[in-house]
Amino acid sequence: IIGSNIGPIHTNDYLKRLKEEVFSSAVDISLRDQKSYNMISDLSAARYTSDLVFTYDVSPYKTIKSSKKVIISVIDCEKKSSQMKNVNSQLYEEKIKELISYFYTQGFEVELFSFCKKEGDERIIDKIINELPYYEIKKYFYTGDIDSALRELAISSIIVGSRFHANMLVVILTKFVVC
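Everything quoted here is computed from the prediction, not taken from an experiment.

Details of the pairing of strand E5 (residues 137-141)
- Judged from the five bridges that link them, strand E4 (residues 109-114) and E5 form a sheet pairing that is parallel. The partner of Leu112 across the bridge, within E5, is Lys139.
- Each parallel crossover has a hand, and for E4 linked through helix H5 (residues 121-131) to E5 it is right-handed.

Some points on the environment of Ser157
- When you line up the elements, Ser157 lands in the loop between helix H6 (146-155) and strand E6 (158-160).
- Between the C-alpha atom of Ser157 and that of Ile71, which follows or precedes it by 86 residues, the distance is 8.3 Å.
- Reaching out from Ser157, the side chain makes a polar contact with the backbone oxygen of Ser67 at a distance of 3.0 Å.

Brief notes about the packing of aromatic side chains
- What the rule picks out here adds up to seven aromatic pairs.
- Aromatic side chains Phe113 and Phe115 sit 4.7 Å apart centroid to centroid with 45 degrees between the ring planes, which places their arrangement in the tilted category. Residue Phe113 shares its accessibility class with Phe115, and that shared class is buried.
- The rings of Tyr102, Phe103 and Phe108 are connected pair by pair, giving a single aromatic cluster.
- Taking NZ or CZ as reference, Lys68 lies 5.1 Å from the ring centre of Phe108, over its face.

Things to note about the packing of helix H4 (residues 89-105) against H5
- Two elements in contact, H4 and H5, have axes whose closest approach is 11 Å; the angle formed by their N-to-C orientations is 60 degrees. Classified by the angle between their axes, H4 and H5 sit oblique to one another. Relative to H5, the crossing made by H4 is right-handed. Contact with H4, carried on its side by Glu93, Ile96, Lys97 and Ile100, involves Ile124, Lys127, Ile128 and Glu131 of H5 and no other residues of that element.
- By residue class, the composition of the contact of H4 with H5 is four nonpolar, no polar and four charged.

Things to note about H5
- Those residues of H5 that sit buried are Asp121, Glu122, Ile124, Ile125, Ile128 and Ile129. Projected onto a plane normal to the axis of H5, the buried residues spread over an arc of 160 degrees and lie on a single side.
- Lining the buried residues of H5 we find H4, E4 and E5.

Overview of the nonpolar core
- Among the nonpolar cores identified, the biggest contains 22 residues, and Ile72, Ile100 and Leu112 are the most heavily contacted of them.
- Residue assignment for this core shows that the elements contributing at least two residues are strand E3 (69-73), H4, E4, H5 and E6.
- In terms of residue count, the dominant contributor to this core is H4 (five residues).
- Setting aside chain neighbours within four positions, we find Ile72 in contact with Ile96, Leu99, Ile100, Val110, Glu111, Leu112, Phe113 and Val160.
- Of all hydrophobic cores here, the second largest spans 18 residues; its members include Tyr140, Ile159, Leu169 and Val170.

Some remarks on the side chain of Lys69
- You can see Lys69 is positioned in strand E3.
- Residue classification places Lys69 among the buried positions, given a relative accessible area of 3%.
- Here the side chain of Lys69 touches Glu111 through a polar contact of 3.4 Å, side chain to side chain.
- Here Glu152 takes part through its side chain, which lies 2.4 Å from a polar atom of the side chain of Lys69.
- In this view, Lys69 contacts Phe108, Glu109, Glu111, Glu152, Ile155, Ser156, Ser157 and Ile158; residues no more than four positions away in its chain are not counted.

What counts, and where the lines are drawn
Residues numbered from 1 in each chain as written. Predicted model: local features only at pLDDT ≥ 70, side-chain atom pairs only at ≥ 80, totals over all residues. Heavy atoms only, no water. Pairing = 2+ DSSP bridges. Helix = DSSP H or I, 4+ residues; strand = E, 2+ residues; numbered from the N terminus. Right-handed = clockwise from strand over helix to strand, strands pointing away. Polar contact = N/O pair within 3.5 Å; in protein donor to acceptor, adjacent residues only side chain to side chain. Phe/Tyr/Trp six-rings, centres within 6.5 Å; stacked < 30°, edge-to-face > 60°. Buried < 20%, exposed > 50% of the residue type's maximum accessible area, 1.4 Å probe, protein only. Lys NZ or Arg CZ within 6 Å of the ring centre and 35° of its normal. Axes fitted to C-alpha atoms, helices over the stretch in contact; angles between N-to-C directions. Parallel < 35°, antiparallel > 145°, perpendicular 65-115°, else oblique. Left-handed = near helix turned anticlockwise from the far one by under 90°. Contact = heavy atoms within 4.5 Å. Nonpolar A, V, L, I, M, F, W, Y, C, P; charged D, E, K, R; others polar. Arc of directions from axis to C-beta. Core = buried A, V, L, I, M, F, W, Y, C linked by side-chain atoms within 4.5 Å.

Scope: geometric values only; no functional claims are made or implied.
The structure is reproduced here in structure tokens:
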């Protein structure tokens, strides 16, 4: 199990079952955060390592010339509500719209970026675009083509990251980030 995290965990019984039924048979368990590692550190196969995204060779993308483009990665707050405390999806979507308006009026090309269809990113992108018909907003839906996604991110001069990996890619691509 490589580059994983554990959670959310709501009961000790669930964690116990997870350790017995999933992790106990693993030869190697690489966990990307300290909290997850601490949950199963008693297993000999468990280890704490940095996120796999930091090992990806992005040197070919660092030579790509940036344009006056902002990419905003979005999330579906309602789908993530079990993982986020006191989340207000309406307030989040309004903030995304404010950012779109700000960057658009500053002459930036604006693109909304989906990292995960399953978690509702694409649905929220379509919803936001439909609510802002007076702006020309592009969209990018990640489908597993890492090269295409990294090229798209490399072209932008600003990335607004709502997703963890959006922010990690900003760090390794050395872009300006708004979190």
